Amino acid sequence: MRVCVLISGRGSNMESLIRNADGYTIEAVISNKPDAAGLRVADGLGVRCMAEPSLDGIRDMMDGMRPDLVCMAGFMRILPADLTERYRVMNIHPSLLPQYPGLRAVEQALNDGATSSGCTVHFADSGVDTGKIIAQAAVQVAPGDTSDTLAARILEWEHRLYPEAVRWYAARLAAEGGEGPAVRGRDRQMIRTAEPERAASHAAEMGVAYVRRDGDSYMISAEKPTVPPYVAVVPGDGVGLALERVRRLAATDGSA
Ligand code: GAR
């Protein structure tokens, strides 16, 4: 099972996912912050890593990779619905959801006088720390805990829980025949990109694919569009020929 990890900062959960990868492989780490410390950690561990500030750019990268699972690990942006619907996405959060979603979850629990908190791994949708809960670990609040001390104890559990949840999902996929939802949904998949080169490489990779214009973007789909203009890319075309066709579409806006 191929996993892509999204980070914004330190990346300790990402590191734990990489070091404990068993039954899954970390295909790439993407950070929306170019200076995220986690990028250096991933690089040092020999994992392909990339920085991409925009969510559109991240979506294009995903569409290029088509991972079976996307793991948000301290990724501090909300993913748009088209991404969470197209890919299986997991997130880890430092509270027992649905309590204390959002920013500063550990501080929220302490300010609320909670006697215990913990961490949650859940499937992510386009809400803030919402989606089906997969696993939780509870951590007692100790007398005199500050948000730093409590966060540190919760983090130890995060590092155990996240790889376990990903291994569980990998086993579930393998039991179902090894095809991830992103792969199973391929025929319905639509890829959007503003760059003709990316459109061509996606189309060439898909085998039979159709490319049409939608505003300033190209939409690539396995399904034939119902109305022209569009161009078809077929197996054997290769990226070069696909690019020629895509450029022809951009120039003439006529079907081919
Ligand atoms: C972790 O505690 C994670 O649960 C939290 O950010 C931290 C990232 O640390 N995520 C959220 O609060 C998401 N809402 P890391 O970069 O060392 O993994």
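Cut-off values and rules
Residues numbered from 1 in each chain as written. Predicted model: local features only at pLDDT ≥ 70, side-chain atom pairs only at ≥ 80, totals over all residues. Heavy atoms only, no water. Phe/Tyr/Trp six-rings, centres within 6.5 Å; stacked < 30°, edge-to-face > 60°. Helix = DSSP H or I, 4+ residues; strand = E, 2+ residues; numbered from the N terminus. Buried < 20%, exposed > 50% of the residue type's maximum accessible area, 1.4 Å probe, protein only. Core = buried A, V, L, I, M, F, W, Y, C linked by side-chain atoms within 4.5 Å. Contact = heavy atoms within 4.5 Å. Near = heavy atom within 4 Å. Polar contact = N/O pair within 3.5 Å; in protein donor to acceptor, adjacent residues only side chain to side chain.

Engineer: Is there a simple way to explain the packing of aromatic side chains in this structure?
Structural biologist: The description of an aromatic ring pair rests on the distance of the ring centres and on the angle between the ring planes. As enumerated under the stated definition, the model contains four aromatic pairs in all. Aromatic side chains W168 and Y169 sit 6.2 Å apart centroid to centroid with 45° between the ring planes, which places their arrangement in the tilted category. Taking the centre distance of 5.9 Å and the plane angle of 80° together, the rings of Y210 and Y230 count as edge-to-face. Placement of the pair is Y210 in strand β9 (residues 209-214) and Y230 in strand β11 (residues 230-233), with a sequence separation of 20 residues. Owing to a relative accessible area of 14%, Y230 belongs among the buried residues under this scheme. Ring-pair connections join several aromatic residues into one group, and the members of that group are F123, W168 and Y169.

Engineer: What's the story with the nonpolar core in this structure? I'm lost.
Structural biologist: The tendency in soluble globular proteins is for nonpolar side chains to be buried side by side. In this structure, V5, I26, V29, C71, M90, Y162 and V166 are the most contacted members of the largest nonpolar core, which totals 34 residues. Among the elements that make up this core, the one with the highest residue count is helix α6 (residues 147-175) (nine residues). Apart from residues lying up to four places away in sequence, C71 is in contact with V3, C4, V5, L6, L17, M90, Y162 and V166. In terms of nonpolar packing, the next biggest core, distinct from the first, is built from 18 residues, C4, A28, I30 and L55 among them.

Engineer: Help me out: how do you make sense of helix α1 (residues 12-19) in this one?
Structural biologist: Side chains of residues three or four places apart in an α-helix project in the same direction, reflecting 3.6 residues per turn. Counted residue by residue, α1 has six buried out of eight residues, so it is predominantly covered. Here α1 has its buried residues at S12, N13, M14, S16, L17 and I18. Where α1 is buried, its residues contact β1 (2-7), β2 (25-31), α2 (37-44), β4 (69-72), β5 (89-93) and α6.

Engineer: Help me understand the site of the ligand, please; the structure alone is not making it clear to me.
Structural biologist: Around the ligand sit R10, G11, S12, N13, G74, M76, I92, H93, P94, D129, L155 and E158, and those are all the residues in its vicinity. Between the ligand and D129 there is a distance of 3.1 Å, counted from a nitrogen atom to a side-chain nitrogen or oxygen. Here an oxygen atom of the ligand and a side-chain polar atom of E158 are 2.7 Å apart. At the level of secondary structure, the elements contributing two or more residues to the shell around the ligand comprise α1, β5 and α6.

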